[in-house]
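Geometric and topological summary
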Amino acid sequence: MLYTCVCGYVGMMWLRETKICNVLIIAGMGALRVPGGICVCELVEHSEDAECMYLVQVGDVAGVGCFTDSCRSCEECKEGDENLCTGAGGMHGTYGSERPEEQHPGGVTQGGYSGDIVVDQNYVIKVPENMHVAAAAPLLCAGITCYSPFMNHGIKAGQNLGIVGLGGLGHMAVKIGAAMGCNVTVITRDESKRELALSFGAKNVIISTDKAQMDAAAKTLHFIYNSIAFAHDIHQYLDLLKSNGTIIMVGGVPQGAMPAGSFSLIPRNLRVAGSLIGGIKQTQEMIDFCSKHNIVCSIEMIEATPEAVEIAWKRTVASDVKFRFVIDTKATLPKLA
Ligand SMILES: [Zn+2]
């Protein structure tokens, strides 16, 4: 294992587990569950199946995203949308997914906070050789969470793309949207993020609490990528959309906490859509796109120790990170003997 990521969703899992089970989960240190989704590793061994055609060869850097298997036979899997698998058990999360004991000791997938990981060849991503490996790791979560809806909704060069929130997801959406040739506008409450947004490729920044700025931008955007992960009123963002515009929701907002009456949508043919990571083929496409455009995640590196990971989770949940924590597993945990 080389590097593993900390993301907000993992942080939420940690909060939920600690609250319900009253168990502090510490990565790979003998606690109840070992979370940690996306990771990158050096491939050290293949199975001895001569029939297999491996995308990743021994010595290559392999990426493992948010899931490590799916049913492979449902309509979604056959279409390459393994992330949406509707078969038995759905997609098998890289951590915390209940699986047979004989395949996964403890009856649950054990995540990437570990020295090694075993993954089916059909569920790994080849990390391009020219990429900064540590900064590439979060692309397998944050990167695909931006790239997938952009592709699925047909976002095109020259269109006006609004990004709400400039955190782990939002900053990637700015970089990827700008590389796709979109006119990117960042919508934030925080004036201090203006320079950062522009440095990532945004052409405009709107301060959402400034009514004059919001009014001036009304009906100007084709798409809005909304990465806010707490209860909020989306009406003010709907007003920024052109007719037939789409707002894509990727942040975890609690049920009932996102009010928008249908009359906010009906008169102007507006759409509200959700999106969850992406399939394996699209994830490979995303990392190849990012490699071509020199896009990586902006990261803070930490050690793979319980203390460092706990601080990172707390800071992630408090949105105090620029912009993703990456755990330096390679430097801290022992490799496969
Ligand atoms: Zn399936």
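Coordinates for the structure precede this section.
Below or above, wherever it landed, is the structure these notes cover. All values derive from a computational prediction rather than experimental measurement.

Right, let's talk about the overall build of the protein chain for a bit. Across its full length, the protein chain holds 11 helices and 16 strands. Among the 337 residues that make up the protein chain, the fraction classed as buried is 42%. Partitioning the contacts of the protein chain with sequence separation of at least 6, the portion at a separation of at least 24 is 66%.

What follows is about the pairing of strand β13 (residues 241-249). In summary, the side chains of a regular strand alternate between the two faces of the sheet. Note that strand β12 (residues 221-226) and β13 share five bridges and pair parallel. When the sheet's bridge partners are listed, Asn226 is paired in β13 with Met249.

The next thing to look at is the sheet that holds strand β14 (residues 271-274). Taken in spatial order, the six strands of this open sheet run β11-β10-β9-β12-β13-β14, and their pairing is parallel. Looking at the sheet topology across the chains shown, the edges are occupied by β11 (204-207) and β14. With strand direction ignored, the average angle separating the axes of adjacent strands in the sheet is 20°. For strand β10 (residues 183-188) and β11, the ladder comprises four bridges, and the chain directions are parallel. Note on β11: the bridge partner recorded for Val186 is Val205. Running at roughly 165° to strand β9 (residues 160-164), helix α5 (residues 168-179) makes contact with β9, β10 and β12 of the sheet.

Attention now moves to unusual backbone geometry. A negative phi angle is the norm for most residues apart from glycine, just as the trans form is the norm for most peptide bonds. A positive phi is found at Asn269, a non-glycine position, where the angle reads about 55°. With respect to the secondary-structure elements, Asn269 resides in the loop between β13 and β14.

Another aspect to go through is the nonpolar core. Within the largest apolar cluster, 84 residues are counted, with the highest numbers of intra-cluster contacts made by Val40, Ala137, Ile224 and Tyr225. In this view, Ile224 contacts Gly162, Val164, Tyr237, Leu240, Leu241, Ile247 and Ile248; residues no more than four positions away in its chain are not counted.

Attention now goes to the environment of Lys242. In this structure, Lys242 sits in strand β13. The class of Lys242 is partly exposed, set by 17 C-beta atoms lying within 10 Å. In this structure, the C-alpha to C-alpha distance between Lys242 and His222, residues 20 residues apart in sequence, is 5.6 Å. With residues near it in sequence (within four places) discarded, Lys242 still touches Lys219, Thr220, Leu221 and His222.

Here we come to helix α9 (residues 280-292). With 13 residues, α9 extends 18 Å from end C-alpha to end C-alpha; this agrees with the ideal 18 Å at 1.5 Å per step. For α9, the complete set of buried residues consists of Ile280, Thr283, Gln284, Met286, Ile287 and Cys290. Viewed along the axis of α9, the buried residues span an arc of 155°, placing them on a single side of the element. Where α9 terminates, the next one or two residues include Asn294, which has phi positive at roughly 55°.

Judged by pairing direction, the sheet is mixed, and its six strands sit side by side in the order β8-β3-β2-β1-β16-β15 without closing on themselves. In the strand order of this sheet, the two ends are held by β8 (125-126) and β15 (299-303), each with one partner. Pairing geometry for strand β2 (residues 39-42) and strand β3 (residues 61-64), over four bridges, is antiparallel. Directly across from Cys41, in β3, lies its bridge partner Ala62.

Another point: the packing of helix α4 (residues 142-152) against α9. Here α4 crosses α9 at 105°, and the two axes come no closer than 10 Å. The angle between α4 and α9 falls in the class roughly perpendicular. Contacts between α4 and α9 pair Gly143, Ile144, Tyr147, Ser148 and Met151 from the former with Gln282, Thr283, Met286, Ile287, Phe289 and Cys290 from the latter. A class-by-class count of the residues in the contact of α4 with α9 yields seven nonpolar, four polar and no charged.

Cut-offs applied
- Residues numbered from 1 in each chain as written.
- Predicted model: local features only at pLDDT ≥ 70, side-chain atom pairs only at ≥ 80, totals over all residues.
- Helix = DSSP H or I, 4+ residues; strand = E, 2+ residues; numbered from the N terminus.
- Buried ≥ 20, exposed ≤ 12 C-beta atoms within 10 Å, placed from the backbone.
- Contact = placed C-beta atoms within 7 Å.
- Pairing = 2+ DSSP bridges.
- Axes fitted to C-alpha atoms, helices over the stretch in contact; angles between N-to-C directions.
- Core = buried A, V, L, I, M, F, W, Y, C linked by C-beta atoms within 7 Å.
- Expected span 1.5 Å × (residues − 1).
- Arc of directions from axis to C-beta.
- Parallel < 35°, antiparallel > 145°, perpendicular 65-115°, else oblique.
- Nonpolar A, V, L, I, M, F, W, Y, C, P; charged D, E, K, R; others polar.

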